[in-house]
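# Working through the structure, step by step
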Amino acid sequence: MLKKWLNESNYTVVFTGAGMSTESGLPDFRSSKGLWKQKDPSKIASTEALNDNVSEFIDFYRERVLGVKEYKPHKGHYILADWEKRGKIQSIITQNVDGFHQQAGSKQVAELHGTLQKLHCQSCGKVYSSEEYINQEYYCSCGGILRPSIILFGETLPRDAFQSALAETEKADLFIVLGSSLSVTPANQFPLIAKDNGAKLVIVNMEQTEFDYYADQVINEKEIGALLEELDK
Ligand code: APR
């Protein structure tokens, strides 16, 4: 059905999670090998960790910055960018912070959870490249600590990304989730808003998600990369 809906739809929005980048070599969070199976996110991906647990915070995020520099977008990212060029899809909403959609050429990308490609000073807000972490530079010229420009648990989502994601979701007549357990609010509300707005909802995810019951189609027997290649043919 997804192939048919893709060809018939007027406004297709793709919503991606960490499962979109596991085939690039990056870990996801909640599958058996996920990051949150080894670490407690509240102790590491939170503003508390930034204040009370700085060295572990920096070590963890330096690892993740090294990961997004070492690994690259896979074929699936490039197919989505090509589909945007050909007008098959209109935009991407991503929870991912790896910047791989943009690297693969996608233009309309709303990064709900920010990006690991940049750092900013927790005190004065000055923006730096994440190369600073690679070079083990952790402090701003003002003395404040540098942290990745991602959304930590407890922080609010970037207003402009949230607004454009909402606008795109409300225009969608086909909303495709690729590789997300849909377990984090408010990002996981977008598939529901699309569905409530009359869109067809397709969830492509290896494991069951919290909103499978709500979807018009669930595809969980194929990896995202292979599925996109098959659809692209
Ligand atoms: N093909 C299909 N599904 C896959 C693949 C793949 N190649 N690889 C992983 N998956 C599935 C996993 O089974 C898992 O259910 O992708 C899903 C990823 O879910 P999560 O690990 O929970 O990641 P995500 O939904 O993106 O997490 C949302 O949580 O910690 C926060 O900010 C972080 O953006 C993240 C948010």
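Residues numbered from 1 in each chain as written. Predicted model: local features only at pLDDT ≥ 70, side-chain atom pairs only at ≥ 80, totals over all residues. Heavy atoms only, no water.

Going by the annotation in an unreviewed UniProt entry, the name recorded for the chain is NAD-dependent protein deacetylase, with Virgibacillus profundi given as the source organism. Here is the UniProt Catalytic activity (unreviewed entry) comment for the chain, exactly as written: "N(6)-acetyl-L-lysyl-[protein] + NAD(+) + H2O = 2''-O-acetyl-ADP-D-ribose + nicotinamide + L-lysyl-[protein]". Under Sequence similarities (unreviewed entry), UniProt gives the following word-for-word description of the chain: "Belongs to the sirtuin family. Class U subfamily." (UniProt positions renumbered as here; feature names shortened; annotations may be inferred.)

## Quick word on the sheet that holds strand β4 (residues 114-121)
One open sheet accounts for three strands, arranged β5-β4-β6; its pairing is antiparallel. Looking along the sheet, the strands with just one partner apiece sit at the ends: β5 (127-129) and β6 (146-150). Averaged over all adjacent pairs, the angle separating strand axes in this sheet is 45°, with direction ignored. Both β4 and β6 contribute to a ladder of five bridges, which runs antiparallel. Bridge pairing links C121 to L146 in β6. Here helix α5 (residues 54-70) sits on the sheet in contact with β4 and β6, set at roughly 135° to β4. (Pairing = 2+ DSSP bridges. Helix = DSSP H or I, 4+ residues; strand = E, 2+ residues; numbered from the N terminus. Axes fitted to C-alpha atoms, helices over the stretch in contact; angles between N-to-C directions. Contact = heavy atoms within 4.5 Å.)

## Quick look at α5
Spanning 17 residues, α5 covers 24 Å between terminal C-alpha atoms, matching the ideal 24 Å at 1.5 Å per step. Taken residue by residue, α5 has F57, I58, F60, Y61, R62, R64, V65, G67 and V68 as its buried positions. (Expected span 1.5 Å × (residues − 1). Buried < 20%, exposed > 50% of the residue type's maximum accessible area, 1.4 Å probe, protein only.)

## Some details on the pattern of salt bridges
A full pass over the atoms with the stated rule returns 10 salt bridges. Across the salt bridge formed by E8 and K4, the nearest N and O atoms sit 3.2 Å from each other. One end of the pair, E8, and the other, K4, are both in helix α1 (residues 2-8), four residues apart, so they sit about a helical turn from each other. Overall, the relative accessible area of 48% leaves E8 in the partly exposed class. Note that K69 and E131 form a salt bridge whose closest N and O atoms lie 3.6 Å from each other. Of this pair, K69 sits in helix α5 while E131 is found in helix α8 (residues 131-134), placing the two residues 62 residues apart along the sequence. Three or more residues are tied together by salt bridges with common partners; here these are D82, R86 and D232. (Salt bridge = Lys/Arg side-chain N within 4 Å of Asp/Glu carboxyl O.)

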